[in-house]
Amino acid sequence: MFNKSNINHYKKPYSLGIIGGGQLALMLVEAAKSRNIKVCVQTKSLSDPGSLKADLVIEADPLQLKGNKNLIKECDKIIFENEWVRIDKLKELGSDDLFVPNLEALAPLVDRISQKKFINKLNLPTPKWITTREFKKLTEESRDQWKFPLMAKSFKGGYDGKGNKKITNKKEFDTFLSKTFSEDWLLEEWVDYRNEFALVGSRDNLGKIRLFPIVETFQSNNVCHWVLSPAKTNYEINQFALNIFSSIVNELNYVGVLGIEFFFGNSGLLINEIAPRTHNSGHFSIEACNTSQFDQHICISSGVQPPEIKMNCNGSLMVNLLGLKNHHLSMEERIKKLSNIEGANLHWYGKSKENLGRKMGHITFLLNEINFEKRLYKSKNIIKKINKIWPSPHEY
C-alpha cells in the first residue's frame, strides 16, 4: 500500500521524475543526460518524445494518480513538463518540497483566470479582462463599455493558438455564448501591439534570479513560427521586464524556470501569459547560450549550482517546424534538406504522426552580425530557405 509518510525516507533510483512526455520533457531529459542525472518520465505512450531517451518510463496519463504515485516512489524530485496538473491530488501524494516548483508556487499559474487574478494582485500590467460568468451579470450599460473586437480565451489548456477566439461583433459574441461552455472562458480587451516579446529566466533555491535575453516572437495564425534573440529593446523595457519577472517569482517563492509572454505597443509592456516551466521561446538557448533553459531547470531541480547565463554569439534565429498536410516532400526528405542548410542545428522531436500545425521539431541558427537590423535581414533570408522546404502550415 502506498504510504505518503514514508515516501522520502530512502534513496530512490532516479534523481528526477518528469510528469508529462512531450518535446519539453525530451529536451529536459537531454539536458539531464549531459550532466549524468538519471530521469524517469510519466507519459501516456512509450512512443512519446519524452520516452525516447528517458532512463525509465512509467506508461500512464500524466493526470493519472496511480502513475503519479509510481513516479514519486522512483524519484527524489518531481518536475513538470507543463502546468496542466491536479494540484489538489498531488498534495495528497507527497510533501511540497518534493515538487519543483513547489505546488503552492504553481497553484496560481495553472489556469488563465488564476493567472489574471494573481497578476492583478501584484498590480502588474495586463490587458483588461473579465470572466464570461461575470460578464453575464453586467448591466447593459456596463457591457457596452467593452468594445469589439474582443479576445476570448479558454479557462484552461490553451496553447499554440488553441483556446483563443477573436470576436468581432455582437452577433459573433451571442453565438459564442450560446454554443460554447462559456463559463470556462475569459474575455480580454483587444490589444493593438507592435511586438510580441518573451522572457525566460530561472530562480534557484537561494532566491538568485538568472535571465536569458528578451526575445521577439513572430506568429503565424496565433502560433509561434520563429523567434529572434535578442529582441530590439531599450534599457527601460529590459528593466521593467526584469522587475515583472522578479516580482512574480519572489512573490510565489518560485524555484525553477519560468517564461513570460508580453505584448508591447502604445500601452507599453503588458503581460499576455505566464508559463511556469520551460518555454518554446527559450529553445534558442540550447545552442546560443552557455547554459540552456533546460539545463537551468535540471540543475536547480537536482541541487546542482546553475551556471550564470551568457550568450555564445551575437544573436540567434529559432524556427518551429509545424506539421503539414499533403506536402509534396515527405517528412524524411524535408528533414534531410533542412539539415543541409549551412549553420542549421536541427532538433527533431521523434513524433511519428504529422498532424497539421503540430510541433514536429525546431531549427536554430547562430547569428554573428552585431547590428539588430542585419540579424533580422539575415533571419528573413534564412526563413525563405526554410519555407521552400518546410513552410508554415498556414502559408502554403
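Please refer to the structure higher up on the page.
Each value, and the rule that gives it
Residues numbered from 1 in each chain as written. Predicted model: local features only at pLDDT ≥ 70, side-chain atom pairs only at ≥ 80, totals over all residues. Heavy atoms only, no water. Core = buried A, V, L, I, M, F, W, Y, C linked by side-chain atoms within 4.5 Å. Buried < 20%, exposed > 50% of the residue type's maximum accessible area, 1.4 Å probe, protein only. Helix = DSSP H or I, 4+ residues; strand = E, 2+ residues; numbered from the N terminus. Pairing = 2+ DSSP bridges. Axes fitted to C-alpha atoms, helices over the stretch in contact; angles between N-to-C directions. Contact = heavy atoms within 4.5 Å. 1 Å grid on protein atoms, 1.4 Å probe; cavity = no way out; pocket = protein on both sides within 12 Å on 5 of 7 lines; lining within 4 Å. Points joined across faces, edges and corners; volume = space filled by probe spheres on them. Nonpolar A, V, L, I, M, F, W, Y, C, P; charged D, E, K, R; others polar. Parallel < 35°, antiparallel > 145°, perpendicular 65-115°, else oblique. Left-handed = near helix turned anticlockwise from the far one by under 90°. Disulfide = S-S within 2.5 Å. Phe/Tyr/Trp six-rings, centres within 6.5 Å; stacked < 30°, edge-to-face > 60°. Lys NZ or Arg CZ within 6 Å of the ring centre and 35° of its normal.

Caption draft 1: Here's a closer look at the nonpolar core. Core analysis: the largest hydrophobic core is formed by 24 residues, its most contacted members being Ile244, Ile248, Leu258, Ile260, Phe262, Leu269 and Ile271. Elements supplying a minimum of two residues to this core: helix H5 (112-121), strand E10 (193-203), helix H9 (235-252), strand E14 (256-265) and strand E15 (268-275). Broken down by element, this core gets its largest block of residues, seven residues, from H9. Leu24, Val29, Ala31 and Val100 belong to the second-largest nonpolar core, a separate cluster that totals 21 residues.

Caption draft 2: Up close: the sheet that holds strand E6 (residues 129-131). Spatially, the four strands line up as an open sheet ordered E6-E9-E7-E8, and their pairing is antiparallel. At either end of the open sheet lies a strand with only one pairing partner, and these are E6 and strand E8 (164-167). Within the sheet, the average angular offset between the axes of one strand and its neighbour, ignoring direction, is 25 degrees. As defined by bridge partners, strand E7 (residues 150-154) adjoins E8 across four bridges and the pair is classed as antiparallel. Within E8, the position partnered with alanine 152 by the bridge is lysine 165. Against the sheet, helix H8 (residues 170-179) contacts E7, E8 and strand E9 (185-189), and its axis sits at roughly 145 degrees relative to E8.

Caption draft 3: Representation of empty space enclosed by the protein within the structure. Within the structure shown, the criterion is met by two cavities of 30 Å³ or more. Reported here for the largest cavity is a volume of approximately 40 Å³. Every residue lining the largest cavity is listed: Arg112, Gln115, Lys116, Lys153, Leu186, Glu188, Asn272 and Glu273. Mapped onto the lining of the largest cavity, the elements with two or more residues apiece are H5, E9 and E15. When its residues are assigned to classes, the lining of the largest cavity shows one nonpolar, two polar and five charged. There is about 40 Å³ of room inside the second largest cavity. What lines the second largest cavity is simply Ile19, Pro62, Leu63, Asn68, Val85, Arg86 and Leu90. Per-class residue counts for the lining of the second largest cavity are five nonpolar, one polar and one charged.

Caption draft 4: Spatial organisation of the packing of helix H1 (residues 23-34) against helix H11 (residues 293-302). Running from amino to carboxyl end, H1 crosses H11 at an angle of 65 degrees, the nearest separation of the two axes being 8 Å. The angle between the axes of H1 and H11 places the two elements in the roughly perpendicular class. Every pair of crossing elements has a handedness; the one defined by H1 and H11 is right-handed. Here Leu24, Met27, Leu28, Ala31 and Ala32 of H1 come into contact with H11, specifically with Phe294, Asp295, His297 and Ile298. Among the residues forming the contact of H1 with H11, the class breakdown is seven nonpolar, one polar and one charged.

Caption draft 5: Molecular detail of the state of the cysteines. A full pass over the atoms with the stated rule returns zero disulfides. With no disulfide of its own, cysteine 224 lies closest to cysteine 289 among cysteine sulfurs, the gap being 16 Å. On the basis of relative accessibility, which here comes to 11%, the residue cysteine 224 falls in the buried class.

Caption draft 6: Spatial organisation of the packing of aromatic side chains. Under the counting rule described, the total for this entry stands at ten aromatic pairs. Taken together, the ring pairs in this structure connect Phe135, Phe148, Phe173, Phe176 and Trp185 into an aromatic cluster. Over the ring of tryptophan 190 we find lysine 166, and its NZ or CZ is 4.5 Å from the ring centre. Seen from the ring of tryptophan 390, arginine 334 lies directly overhead, with NZ or CZ sitting 4.3 Å from the centre.

Geometric descriptors of this kind do not, in isolation, establish any biological role.
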